[in-house]
Amino acid sequence: MSFVEIETASQPDCWRRAADLAPSHAAALPAPGERIAVVGCGTSFYMAQAYAALREESGQGESDAFAASEFPARRRYDRVVALTRSGTTTEVLALLGRLRGTTPTVAITADPDTPVMTSADAVVVLDFADEQSVVQTRFATTLLTLLRAHLGLHTDAVVRDAETALAEPLPEGLVDCTQFTFLGRGWTAGLANEAALKMKEASLSWTEAYASMEYRHGPISIATTGTATWTFGAAPEGLREQVLATGARWVESGLDPLAELVRVQRLAIARAAARGLDPDSPRHLTRSVVLAEARARY
C-alpha cells in the first residue's frame, strides 16, 4: 500500500482525536466575535476557505480566507490563523513575521520541529495526523475537524460517515471518466477546490471546481458523456437534471461533506493506480514549498 492509502484510511481515528483535543486548545483559537483571517497555501488554503465560511455562517464572527501570499497588508484583524502541515512554507512564515507584534497569530501544524513553532504567537500541533505522502489527506481533514469541533459543529455522525466513505465501493465507471468538476456552496466550496486539487496531484486528472450556482454560468458547457460532476452537500434545485441531460455523470451522497472528500481521495488513489502513477510522489511537487530568501517577495 502507498503511504497515502494508509493515511486516508486512518482519518476516522484522527478525527476522533482532534475533536477530543479541541477544548484544550480553546484559548489559542479564535473566540466568538473576533474578526479573523485564515491563511494557508495549496490544500491548507482550501481548508482555510472552508473554516472561514463555516465560522461566519454560524454567526461566530467575520472570517476571511487568503492564500498566504495574498494577505491584504492594510486590513486589520483580531487574530490570524495560519495552516501549515510542514511548518516550513515560505509564504506562511514570511506573513507571520510581518504580523509579529501587531496582530495575534496562531498556527496549526503537524511538525513541532519546524520554524513555525517560534514564528506564531501560539501553535496547535497535530503530530498524530502528520503524513509521509507529499499529497495531503488526513492532516487537512483533521485540522478542519479540530476547528469544526471548536465551533461546536462536529458530531460523531461525521466520523461514522467517514467510515462509510472508506467502506463503500466507489461508483462503477467513475475511474474511467475523462474530466471531473467539483461543486460546493458556502463552506463546501473550499472542499470542492480541495477535491479538484487532490485529483490533479495524485492522478494527473483534468479537474475544475466552482461554486454550485456558478456552474450554469458557462462551466456546464464542458459536461458531456464521459465526464463527471460531483457535488458537496445539497445541490441547487434542477442542477442534477441539467447535468444528466448533457450525458455527464452526476455524483452525490447523503454523507457529511468532509466525509465526501474522503471518497474523492479514494478516487484519486484509484485513478493513480489505473494510470500506473505513484500517488505519494506527484510530479513537480515537494512536501513543502521553501523558496530561497532572494526569491521570497512577501
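Treat the numbers as computed from the prediction; the structure is a model and nothing was measured.

Comments concerning the pairing of strand 1 (residues 36-40)
Here's step 1: Burial analysis of strand 1 places 5 of its 5 residues in the buried class, which makes it a mostly covered element.
Here's step 2: Side chains I36, V38 and G40 project from strand 1 onto one buried face, and the interleaved A37 and V39 project onto a second face that is buried too.
Here's step 3: Both strand 1 and strand 2 (residues 63-67) contribute to a ladder of 5 bridges, which runs parallel. Looking at the pairing, A37 lines up with D64 of strand 2.
Here's step 4: Pairing geometry for strand 1 and strand 3 (residues 79-84), over 4 bridges, is parallel. Residue pairing in the sheet places A37 in a bridge with V80 of strand 3.

Description of the packing of helix 3 (residues 43-57) against helix 6 (residues 138-150)
Here's step 1: In the contact formed by helix 3 and helix 6, the axes pass within 10 Å of each other and the chain directions differ by 20 degrees. Of the possible angle classes, the one that applies to helix 3 and helix 6 is roughly parallel. Remark: the crossing between helix 3 and helix 6 carries right-handed chirality. In this structure, helix 3 uses T43, M47, A50, Y51 and L54 to contact helix 6, whose residues at the interface are A140, L143, L144, L147 and R148.

A few points about the sheet that holds strand 8 (residues 227-231)
Here's step 1: Here 4 strands make up an open sheet; going across it, the order is 7-6-8-9 and the pairing parallel. Each edge of the open sheet is held by one strand with a lone partner, namely strand 7 (207-211) and strand 9 (249-251). Pairs of neighbouring strands in the sheet enclose a mean axial angle of 20 degrees, with direction left out of account.
Here's step 2: Sheet analysis places strand 6 (residues 179-184) next to strand 7, joined by 5 bridges and oriented parallel. Along strand 7, the bridge assignment pairs F182 with A209.
Here's step 3: On the sheet, helix 8 (residues 188-203) packs against strand 6 and strand 7 and is oriented at approximately 160 degrees with respect to strand 6.

Each value, and the rule that gives it
Residues numbered from 1 in each chain as written. Predicted model: local features only at pLDDT ≥ 70, side-chain atom pairs only at ≥ 80, totals over all residues. Heavy atoms only, no water. Buried < 20%, exposed > 50% of the residue type's maximum accessible area, 1.4 Å probe, protein only. Helix = DSSP H or I, 4+ residues; strand = E, 2+ residues; numbered from the N terminus. Pairing = 2+ DSSP bridges. Axes fitted to C-alpha atoms, helices over the stretch in contact; angles between N-to-C directions. Parallel < 35°, antiparallel > 145°, perpendicular 65-115°, else oblique. Left-handed = near helix turned anticlockwise from the far one by under 90°. Contact = heavy atoms within 4.5 Å.

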